[in-house]
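Geometric and topological summary
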Amino acid sequence: MSDESVMDPESSRSNSPDVSESPEPSPRGPSEGQGLGSEGTESPVQGASGSEGRNGPEDDDEKIQEPPPEETLPPVNFDVDKQEATTIYNVGVMMGAAEKPLFEEVPITVIEQVKKLFVAPPAYPQTIPSGRTILVSGPPHSGKFFCSVKLAITLQGLQASGEPARLLLIYSRLRHETAPLVQSISSLKAGSILILEDVFEKNVSEREVVSIELARLNNALQARRSFLILTTVIEEVKTEALIVSTKEFNLKNVFERHRDYYLPEGNQIYKAIADLIHRREATLISFFASPFQIEHFFQKILTRSPRSEKEVLKIAQEAAQTGRQDLRGWFEGLPQHVKLVGLLACLLEGIEKVIVEEVFVDSVTMLREQGFVWIADLRELGLKEAWTLLKTASDVSYVHFDNKYIREELEWQVENRQILLWSVMQHVATSAPEKRFWREDVRARAALGAAVGWLGIWDKTRFRAIQELWANARDFLAKEPDNTLGSLPGYAFVERLLSDPAHGRRRVLAILADWIASRNPDLMWAAGAAIWRLYQTAASMTDLEISQDEQTSLRDELVTRLHTLLASSLSLSKTTKARVRAYVGKEREREKEGEVKRKLWDGASFALKKIGEVDAQRFASTLTAWFGEGSQIFSLAASRSAQFTFLDLAERKDSANTLDFEARLKPIDIILLNKSAESRVVEAMFHWLGQWLLLPAWDSAIRQHLLGIANQGPRALRTALRSALARYWLSLATEGIPGVARALIARSYAMEGVLTESPALGRCLLIIDPELILGRAPRKTQDREAQQQAERREGAILQILAMVEARMAVTILLLGAQEASERANRGLRLTADLPLHRLMRPGVQNVAPNSVRMVLLLTAGPVIDLEDGLDSVSAEHKLVIAANCELEVPLGTEVLPVGRDLSARDLETVEAKLRLICARAQAALDPAGWEPLLERLGVSIADLDAAPKATLAAWAVQLDQLDKFYGDTGRPDPAKKILCALHRLAAADLDACLRIVRTWLTGGTDLERPMAAATAVALLRAVTDAPGIWGGLAPQRTFDELAGALARSGKDGTDAMLATVKRWLTEPALAEVLAGAVEDGRCRLLRWAEEAAPQQVAAFQEALKPLRKSLEDAELGPSGEVLDAVFDRLRVRLAMGRPRPLPALAAGERFGVIVIDASARWGQLAADLFSRFNEPPTSLKPLLYRLGERWPSWVAGDPNPKPADLSPVGVRLPRLIGPILNELSPAAVSFLVVLSGEMWIDGEDWIDSPWRERIFTFRQLPDAPFRPVLAAFPHRPDQEKEEVDLMEFYLKKQRAGGAEEAA
Amino acid sequence: MKYDSIRHDPTGFPLILVPEIGLYVHGLPVTKMQFEHFLCDATDGHFDSRWYDEIRRLNPRVSARRIWSGNYWNAFLSGILPAEAERFAAWCGPGYRLLHTSEWQRLYRTLEKQNGISLEETGLLAGLAPHHRELITQVERAVEDACTQSGDRCHLTERTLMRMGLIEWTALEGPSPNLWAGLGEPHPSFCGNLFTPAQGDFIQPADGETCRLASFGFRLAFDPTLVQEDR
């Protein structure tokens, strides 16, 4: 398997050809030729990509390079593929290893404070319920964080002794993080208690803590033995999680607890202050609105040591004012360089402090060079001091603001000072391709992208220019394009979307469209990498500030962009081709172009896979759409993305229980329907399923899904499933899996009417001529080649023996021998030491058992007493397989000539013949013949006969019950029992059997219907094989009872019926059945086909030609002519669509009839006019006919017709109206408008009838014999709408005034 | 006389039981109006508008209200090939077929004996749809006029157009290279004819199975013995 250069920087391995031998350097270095657009002007794609696409997209590459067929690629190597999947996983299935969320331990001082200061609010729970997610809600400053820590401490104390202490962690969720919580906690260490403050302000939606999402979250936490505590100011969150409210806190208690903690009684140092406070305690408490302010108050008290009540009150007033205004002053008071560090730190929060420092140093150097001297010389600046002043967390290496108010203030300042920051960040962004740390640190890259995305709100030109610079810095010409840079725009776009959803969405989509249309491989690649990141954001639980519809439409548009990208990647622009040629030379040009394209295809495949991680439904629908494109590229991309997904899933057992079963299993059907069992994606899929089948949570879901396929098909899916199971699971060493495969294969056959276990069909006497193996030469004289030949022939005979033994008991007799051959330890001997006489009667008389169903003679030459020998035994079938000889056999014996060496083809012929004989024998079994098999399946015949319908229905219920199907219980398959029981019933009472099958087919349960379809197929097969069975007229009865219902059951049913018809056409007696039972001029076949064809037009169209061919090949006499006419009529019917019955009229309703001359151009007019009347509620019900048809093609309530549907190709109808009018009563018709350019053939017939008042023509027809008699609408060429308006107006008025008035 | 056993084909046109031959027989040759039902219902690729244009070119269509003694044969379907007539018979349902030559001749002889009764008197018009009734009565009136004009009698053979009508396809019996033969005597203005049915003459066109002949039409018989339970 080739390595991938997928749309993520971490997966840039490639097996692309080595281009380093080329003496030419890259014509465009990473930072060359992509200057930023000038300020204030939009930087279009062309501007950023040099001459590429200056005048819009370049001309197509005239030669589209399709990928090689997937099957020509090397087979799946799980080690290599797993490595690839792991790579994909690490870079961001949820988020990459380096992108893991920041979890910090709760400082011990905080824990101590909580332990001593926390005062439980009234709503604090007495006991902690079983849920793993807890929500703490309350107004700002009401002590939510303290409450959370307190809950965490309580939970910590609940754990069983002996377990390691649970970690108490705080989740510092960064502004660009959009991953759902369930994904974020995938990085959580087992046994943790995680606190996330102000959860809904950090790209987390309330939906994440509701119903099924909450269940998934709890499952994931359970798997990690962890808890999640969330805080929010939202008071009415609709969640099933435990909510602890801090709303009704008692400030007096809080105050007293603080007082006792900070000013403990008995401490002489604080005694004076404690007294002061005690005296004015009530007044002081009245100042405060929150525990936060009380905490602030006591901290100030301790640092300022007030000596008077006045001072205490002043401090209290200050503490009560705690809020942002204080921080504004704090920021203004910072030194200039600290302000800049703070702004950069806020922009890039989450990255290493050293990177911020490096960015800061570069920025100061640049600013000072540009004359900005308000900032001091670098040598004067103390960076450590800056971090202290900014109150960042000191115990971690990355930037993090413990105090959320400081972060909020800094965020405000970023927005306030975006002009300054742009000048700094533009420099940072432009020089990014040269800096190692952006390339190496995913989190730094994400932060950089997010920073520029944030600033992009205020300068769209610079924003776009930077994105194009980054994208082009990837450099598609390089041996290993720098995907780390190509991925940067994705982060920026996501932030752009999050910061300003309404405008950002439009701008980002516009840029993506331009990039894809540019045919510049770097811009296209970057677009693909951005598409999946944007999609993940839009599909995550993040509440963007746009409507749900807009969010859905954004996802739709992103998938559309990805589709366009893939389609556009088929051809490279001329400019790109020229660059490739200049870089690698003409001789390697094609190779390099192929490599560039492949990277784009793989990128698109990867993007779809990433989309699938967050939206399995979309993944499935896109797979279906791409497979259905009819393009090798789309099929390849769909297949690859599925393969990536399966390999990835196989490795992700730990997160399996957080995923939705149904959506994740849906691709199974899609892949099986579109890919062969040998393909790599199917192999990967069964590898994954095999892995997850071992997970308790998924075991039954997977089994149930596969059982669903086996039960309910469709047939193509069943076949593909069987094939894949046989290939990947049957011989798997994993315990249990081969058993599952065997059970599924048997079930899927049963659901197609095929029994993998057949009833005993009696005994076969197999007579083998030893000369068939040895030839006439004695064994001892044979040379080596002759011996090998003999061994081959013996092998072939043994194969025939196995075919017979599979269905019948066999007695083997060598020709000329007196005794039957017996199997010995060393197998069966089919030759004799001495030459035997070529006589069969003596042996037959000796060994022939009393009841032989079949005599099978395999001979290589004449048998002296052939006639006598065959006559001496009574059997239903007598078959002579004559190898390279001509024999005269008695009447009633069949001869099958084969070659001397019994080639594979000969064996196929023999097998087909034997299968037919056995099928006939099985079909002809009497009821008792089925009983041994039924008993073997555990059925009590007496119980079955006592209540056949109820028993069958009970078995049908068991069809989807896993415990009745899988497992090593050896429990017989209910599908087999049903098939056997119904065969037995057919042999006893065909009509009763047909009634049950038909009832199930038409009104059965979801499981009864497919079972009935399988039985119907089996019964039709039986009557085809043996038409004379089951009391006579079995084919007619079976066809009449089941054909219609089976065809209505779906495409498989229709296909089965068409296959039956095809077989019947080759048998004159059965063809006569099809041509018979004429009613209203329509034979049995035509009546069935006319009813069934409209539902399965494609199947009929496909079958029509082969059916006609069968008919032509058969000599069917008069039946052939009838059937020929049937097919001719069907051809026309299929072109015209299904005639519709007249709808019923309620009181006061009448028909408005539109008749169109289908051979003329009135389709649009007729469709428009019909649609005007086809709008309920109305008392006028429109009917639309074609001249020359007897029944309407469209009636009221149908979807409006398309003009093209009204004039079927290749059909010329006689222009007659009489048959239409004969079926209608004039009183029931309000108007009849005929859209025809000339008078119809039988117009005169109706001039004197009541119809005259109702018939309108379209314009005065030139050849109308009674022009003034019929009302006519004026024709208005080029004014179609006005034309229809006028007609509608008059035809609706017609009800009052009549056509004559209108005329 | 009044026949007490009438049945209608799927288009609503009447057949009358003729005990002498044990068959129900169409009272008139098949009309265009009858055949048009088949055309519109069969919706058959063969019987398309071009086919009907060709038929009408050979023998134009006339509406019932315009029938007179000089054009009544235009109301009937002619120019049809025997196999096409069989298709129509098959469409009509089990039991319908073309008459055998001998049956036609026996029918002729039977009707020849019925002097001077009108179609109304045979009961043939009972229960017909107005349009069908109008067509048949108009034809009968036109035939009467034609007979008057030519000085011929107007018996039931004429009123049923076994004479003065078309040449009708019948199935030939016995050893013969042809399967089909024409019987009947058309109106001289429609097709000159030297043969007369009374003498048992029939016509065997050399390429009648493939070449359309403007004067050749047909009528159907319904044979109750052919209708048996299919099952």
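Since the structure is predicted, the reported quantities are computational estimates derived from the model, not experimental observations.

Residue and element names in this part refer to chain A. Those residues of helix α3 (residues 108-117) that fall on the buried side of the exposure criterion are Val110, Ile111, Gln113, Val114 and Leu117. One side of α3 holds all its buried residues, which, seen down the axis, span an arc of 160°. Seen from the open side of α3, the exposed residues pointing more than 90 degrees away from its buried face are Ile108 and Thr109. Each element contacted by the buried residues of α3 is listed here: α4 (144-158), β3 (167-172), α7 (251-262) and α10 (291-304).

Now for the pairing of strand β13 (residues 1150-1156) of chain A. Residues and elements named next belong to chain A. The element β13 is largely enclosed, with a buried count of six among its seven residues. In terms of strand pairing, β13 meets strand β14 (residues 1180-1186) through seven bridges, oriented parallel. Within β14, the residue paired with valine 1155 across the bridge is tyrosine 1185. Handedness of the crossover joining β13 and β14 through helix α52 (residues 1163-1173): right-handed. In the sheet, β13 pairs with strand β16 (residues 1229-1235) via six bridges, with the strands oriented parallel. Bridge pairing in β16 places phenylalanine 1151 opposite valine 1229.

Right, let's get into the pairing of strand β17 (residues 1255-1258) of chain A. Residues and elements named next belong to chain A. Burial along β17 is two-sided: Ile1255 and Thr1257 and Phe1256 and Phe1258, pointing in opposite directions, are all buried. Here β16 pairs with β17 via three bridges, running parallel. Paired with leucine 1232 across the bridge in β17 is isoleucine 1255. As paired elements, β17 and strand β18 (residues 1271-1273) share three bridges and run parallel to each other.

Residue and element names in this part refer to chain A. Where helix α27 (residues 589-614) meets helix α29 (residues 632-650), the axes come as close as 8 Å, and the angle between the chain directions of the two elements is 50°. Relative to α29, the element α27 is oriented oblique. When you trace α27 past α29, the crossing you get is right-handed. The segment α27 lies against α29, with Trp601, Asp602, Ser605, Phe606, Leu608, Lys609 and Glu613 engaging Ile633, Ala637, Arg640, Ser641, Phe644, Thr645 and Asp648. Looking at side-chain class alone, the contact of α27 with α29 contains six nonpolar, three polar and five charged residues.

Turning next to unusual backbone geometry. In this chain, A:Gly713 is followed by A:Pro714 through a cis amide linkage whose omega measures 10°. The topology assignment puts A:Pro714 in the loop between α32 (696-712) and α33 (715-728). Of note, A:Arg519 is a non-glycine position whose phi angle comes to about 60°, a positive value. Within the secondary structure, A:Arg519 is located in the loop between α23 (501-517) and α24 (521-539). Its identity is not glycine, yet B:Leu161 carries a phi of approximately 65°, on the positive side. For B:Leu161, the position within the fold is in the loop between α7 (156-159) and β5 (163-165).

What follows is about the state of the cysteines. Across all of its chains, the model carries zero disulfides over all chains by this definition. A:Cys918 supplies the cysteine sulfur nearest to A:Cys764, a cysteine that is in no disulfide, at a spacing of 8.3 Å. For A:Cys764, a relative accessible area of 0% corresponds to the buried category. B:Cys154 forms no disulfide, and the closest cysteine sulfur to it belongs to B:Cys147, at a distance of 3.9 Å. Residue B:Cys154 is classed as buried on the basis of its relative accessible area, which comes to 15%.

Our next topic: the side chain of A:Arg462. Residue and element names in this part refer to chain A. Inspection of the secondary structure assignment puts arginine 462 in helix α20 (residues 460-472). On the basis of relative accessibility, which here comes to 11%, the residue arginine 462 falls in the buried class. Among the polar contacts listed, one links the side chain of arginine 462 to the side chain of glutamine 426, at a separation of 2.9 Å.

The next subject is the nonpolar core. Residue and element names in this part refer to chain A. Core analysis: the biggest nonpolar cluster contains 142 residues, and Trp470, Leu512, Leu672, Phe686, Trp688 and Trp729 have the highest contact counts within it. In terms of residues, this core owes the most to one element, α24, which gives 13 residues. In this structure, Ile797, Val852, Leu990 and Leu1134 belong to the second largest nonpolar core, which totals 141 residues.

The rules behind each value
- Residues numbered from 1 in each chain as written.
- Chains lettered and ligands numbered in written order.
- Predicted model: local features only at pLDDT ≥ 70, side-chain atom pairs only at ≥ 80, totals over all residues.
- Heavy atoms only, no water.
- Buried < 20%, exposed > 50% of the residue type's maximum accessible area, 1.4 Å probe, protein only.
- Helix = DSSP H or I, 4+ residues; strand = E, 2+ residues; numbered from the N terminus.
- Arc of directions from axis to C-beta.
- Contact = heavy atoms within 4.5 Å.
- Pairing = 2+ DSSP bridges.
- Right-handed = clockwise from strand over helix to strand, strands pointing away.
- Axes fitted to C-alpha atoms, helices over the stretch in contact; angles between N-to-C directions.
- Parallel < 35°, antiparallel > 145°, perpendicular 65-115°, else oblique.
- Left-handed = near helix turned anticlockwise from the far one by under 90°.
- Nonpolar A, V, L, I, M, F, W, Y, C, P; charged D, E, K, R; others polar.
- Disulfide = S-S within 2.5 Å.
- Polar contact = N/O pair within 3.5 Å; in protein donor to acceptor, adjacent residues only side chain to side chain.
- Core = buried A, V, L, I, M, F, W, Y, C linked by side-chain atoms within 4.5 Å.

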